[in-house]
Amino acid sequence: MSKTTKQFQTEVQQLLDLVIHSLYSNRDIFLRELISNASDAIDKVRFEAHSNEALLEGNADWQIRLIPDKAAGTLTIRDNGIGMTAEEVETNIGTIAHSGTRAFLRNIKEQNLAEHPEMIGQFGVGFYASFMVADRVTLITRKGGDGTQNGCRWESAGDGSYTIEECTKEGRGTDIVLHLKEEMKEYLDEWKIRAIVKKYSDYVQYPVVMDITREEPVTGADGKVIEGAGTMEKTTTETLNSMKAIWTRPKSEISDEEYEEFYKHISHDYDKPFKTIHYAAEGVSEFRALLYLPAHKPFDLFMPDRKRGVNLYVRRVFITDNCEHLIPDYLRFVKGVVDSSDLPLNVSREILQEDVQIKRIEKNLVGKILSTLAETKEKEPEGYLAFYKEFGPVLKEGIHFDHANRDKLQELVLFESSRTDAGQFVSLKEYVARMPEGQKEIYYITGTAREALEQSPHLEIFRKKGYEVLFLTDPVDEWVVQHLTEYDGKKLKGVDRGDLELDTEEEKKEKEAKKEEAVKQYKDLLGFIQERLREQVKEVRFSGRLTDSACCLVADDYGLNANMERILKAMNQAVPESKRILELNPEHPLLQVLGRLYEKDKESARLADYCELLYDQALLTEGSPIKDPLRFTRLVAELMVAEGKELAGK
Ligand SMILES: Nc1ncnc2c1ncn2[C@@H]1O[C@H](COP(=O)(O)OP(=O)(O)OP(=O)(O)O)[C@@H](O)[C@H]1O
């Protein structure tokens, strides 16, 4: 392959522009990113060499070497990791594979990145961070096991294009040569480099080395200083990091700053973590875990191709960052490291899928995370609330998927309610504790937004009775309530489904009497409305839940409610045919008008129109779309005109 010039994928260039122009608040991190890539590359070759020793080329002296060259103005980061083929360079460096990340980048333009660098930090600028300090970057790499002539040289000035060509390269691995910008030459300074490595990469488990040259007194063959002989330059290779995997150290010896830096290293988050969980499990399964609960949700929390957050190590050797069964999906926001003493080093990724040790570890991690959350909720309610606002919708998925931990999870979930202010939450325990006497069930309403739910006619009777209703506005809530059907011996009941057990015996009798009276009076009318709306509803009946509104739609106990219908449609799923019940308020004046019209002329077109309007009204008040908005507005307009004419005639 001769030297070719190629264009970056649009989003890569966009990312580069963002890095160059917006991310100047902490340039030092470029070195952390490159050392971290080098360390990942060594992890990979070390792991793959278990099944293919040829990759090693006889060199297992793992090392990341930093080479500052003041004369050339370059800083080189050299590793003897896995290296890349030319194709890999093109896909890894020239493109962004994740569609979610691409979409995010497209949208990020409008944000003020200079003020919110954490937005971009969320997915890690990785290699591109080089361009914060360099105006040209050369990458020379060769894949382990390939011949020395199969190297690849890539170069770019970060201005939209790059060149790529083949080259020879002696050692396996990758050199990143940063041609430092004039004002970035401080990164050639030994002390600056030392300080950055110590701060950001101390725990990297391979030696980060650098040649250090010092003026020293001349010594003789016996190593003794020769008096009066002056000084000479002496170069020694020094390891700059302690290489102590932070998770293997005792908790008492680790400072908050160290925990924080490690979190930032693995998560690319700019913020501190919300909670750090560090422990050693002993017994059936032996492992150490260092887990973090982030403070803010990443942009890709709901994207299917997001990265997993917990890396698996076996006795300090990295195995995978993609172990599916290490942590359940509903805790996918957790970041960290698990280091097992039980698994074999050459465990294959396929075996991991089925491994009983992994299942044990998962069970233990989940238990620890949930108990930490429970403790936090108890001791730091405000902190927990802030965390819950970020991750509550994900945590709630556990109620649906994690049967074994449902009891614990139901203590962790929070909901807004008719008694909380917007943005404030209540737990099920608190709800039950403040239930007024006489209330037997826990009530909730599902929908898309609190503002809409507050207006719902379904709440009227609950307001009157002083019963609190939980507002379930996350799409996942519909699934949550399918599994969370009871709490503390009390049934959870949707206010928009089935019959409600709200009244005392006396109230019931009174209401029944009223209903009977209404049925007697409007029996034929009820039948007539039902007939007119045969296509739309299953039944028309009088309501016990309305006090102010004229009508509403309710689902039967197992039918689809309006919210579920909306969610399924939004997911492009087939919505099963399910008609609901139209409930009418027997005391509403509208019913009397309909009654009079019916008596006067059953065949009247206006009566038929009113039936339709009634149904549309019920749909609109619950926030559902009506089938024919044009016809609806025409009917309302006609009504207004008729009213006008009547007025004129008076
Ligand atoms: N020193 C290296 N040796 C081998 N491969 C590398 C090296 N540096 C980068 N790569 C490859 O390039 C890819 C992109 O690197 P980049 O730093 O941009 O992102 P990343 O490391 O995958 O993601 P993140 O920085 O978010 O962890 C890496 O996934 C890796 O495959």
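This one's a predicted model, so the numbers in the text were calculated from it and none came from an experiment. (Residues numbered from 1 in each chain as written. Predicted model: local features only at pLDDT ≥ 70, side-chain atom pairs only at ≥ 80, totals over all residues.)

Caption draft 1: Region of interest: the overall build of the chain. Counting secondary structure elements, the chain contains 21 helices and 23 strands. Once the C-alpha set of the chain is aligned to its principal axes, its extents read approximately 125 × 55 × 45 Å. Classification of the 650 residues of the chain by burial places 34% in the buried group. Considering only contacts in the chain between residues 6 or more positions apart, those separated by 24 or more positions represent 74%. (Helix = DSSP H or I, 4+ residues; strand = E, 2+ residues; numbered from the N terminus. Buried ≥ 20, exposed ≤ 12 C-beta atoms within 10 Å, placed from the backbone. Contact = placed C-beta atoms within 7 Å.)

Caption draft 2: Representation of the packing of helix α17 (residues 505–532) against helix α19 (residues 589–600) within the structure. α19 packs onto α17 with a crossing angle of 85° between their chain directions and a minimal axis gap of 10 Å. With respect to their mutual orientation, α17 and α19 come out roughly perpendicular. Here Tyr522, Leu525 and Phe528 of α17 lie close against α19, whose contacting residues are Leu591, Leu594, Gly595 and Tyr598. The residue makeup of the contact of α17 with α19, split by class, is 6 nonpolar, 1 polar and no charged. (Axes fitted to C-alpha atoms, helices over the stretch in contact; angles between N-to-C directions. Parallel < 35°, antiparallel > 145°, perpendicular 65-115°, else oblique. Nonpolar A, V, L, I, M, F, W, Y, C, P; charged D, E, K, R; others polar.)

Caption draft 3: Main features of the pairing of strand β4 (residues 134–142). Pairing of β4 with strand β7 (residues 173–180), which is carried by 8 bridges, proceeds in the antiparallel orientation. Within the sheet, the bridge partner assigned to Arg142 lies in β7 and is Gly173. Bridge count for β4 against strand β5 (residues 151–156) is 5 bridges, and the pairing is antiparallel. Paired with Ile140 across the bridge in β5 is Arg153. (Pairing = 2+ DSSP bridges.)

Caption draft 4: Structural context of the domain arrangement of the chain. According to the domain assignment, the chain contains domain 1 (4–218 + 232–239), domain 2 (246–385), domain 3 (413–494) and domain 4 (513–555 + 576–649). Placing a centre on the C-alpha atoms of domain 3 and another on those of domain 4 gives a separation of 28 Å. Listed as interface residues are 9 residues of domain 3 and, on the opposing side, 9 residues of domain 4. By residue number, the principal contributor to the side of domain 3 that touches domain 4 is helix α15 (residues 460–465), which donates 3 residues. Here the residues of the side of domain 3 that touches domain 4 are counted per class, giving 3 nonpolar, 4 polar and 2 charged. (Domains from an automatic or database assignment.)

Caption draft 5: Local environment of the environment of Tyr200. Position of Tyr200 relative to the elements: it lies in helix α6 (residues 190–201). A count of 22 C-beta atoms within 10 Å places Tyr200 in the buried class. Taking the C-alpha atoms as reference points, Tyr200 and Glu33, separated by 167 residues in sequence, lie 9.3 Å from one another. Those residues in contact with Tyr200, other than ones at most four positions away along the chain, are Ile29, Leu31, Arg32, Glu261 and His265.

Caption draft 6: Inspection of the sheet that holds strand β21 (residues 537–542) at higher detail. The sheet built from 3 strands is open, its strands ordered β21-β23-β22 with mixed pairing. The two strands at the open ends of the sheet, each matched to only one other strand, are β21 and β22 (551–554). Each neighbouring strand pair of the sheet contributes to a mean axis angle of 25°, computed without reference to strand direction. In this structure, β21 lies alongside strand β23 (residues 580–584), joined through 5 bridges in parallel fashion. Counted as the bridge partner of Val537 is Arg580 from β23. Lying over the sheet, helix α20 (residues 605–621) contacts β21, β22 and β23, oriented at roughly 70° with respect to β22.

Caption draft 7: View of the environment of Ser267. Relative to the assigned elements, Ser267 resides in helix α7 (residues 256–267). Separated by 358 residues in the primary sequence, Ser267 and Pro625 place their C-alpha atoms 42 Å from one another.

Caption draft 8: Expanded view of α6. Look at α6: 15 Å from first C-alpha to last across 12 residues, which is about the 16 Å you get at 1.5 Å a residue. The set of residues buried in α6 consists of Ile196, Val197, Tyr200 and Ser201. All buried residues of α6 project into a common sector of 100° when viewed along the axis, lining one side. Residues of α6 that are buried make contact with α2 (29–48), β8 (208–217) and α7. (Expected span 1.5 Å × (residues − 1). Arc of directions from axis to C-beta.)

Caption draft 9: Representation of the packing of α2 against α6. Running from N to C, α2 and α6 cross one another at 65°; their axes reach a closest spacing of 9 Å. For the crossing formed where α2 meets α6, the hand is right-handed. Judged by residue contacts, Ile29, Leu31, Arg32 and Ile35 of α2 engage Ile196, Tyr200 and Ser201 from α6. Classifying every residue of the contact of α2 with α6 gives 5 nonpolar, 1 polar and 1 charged. (Left-handed = near helix turned anticlockwise from the far one by under 90°.)

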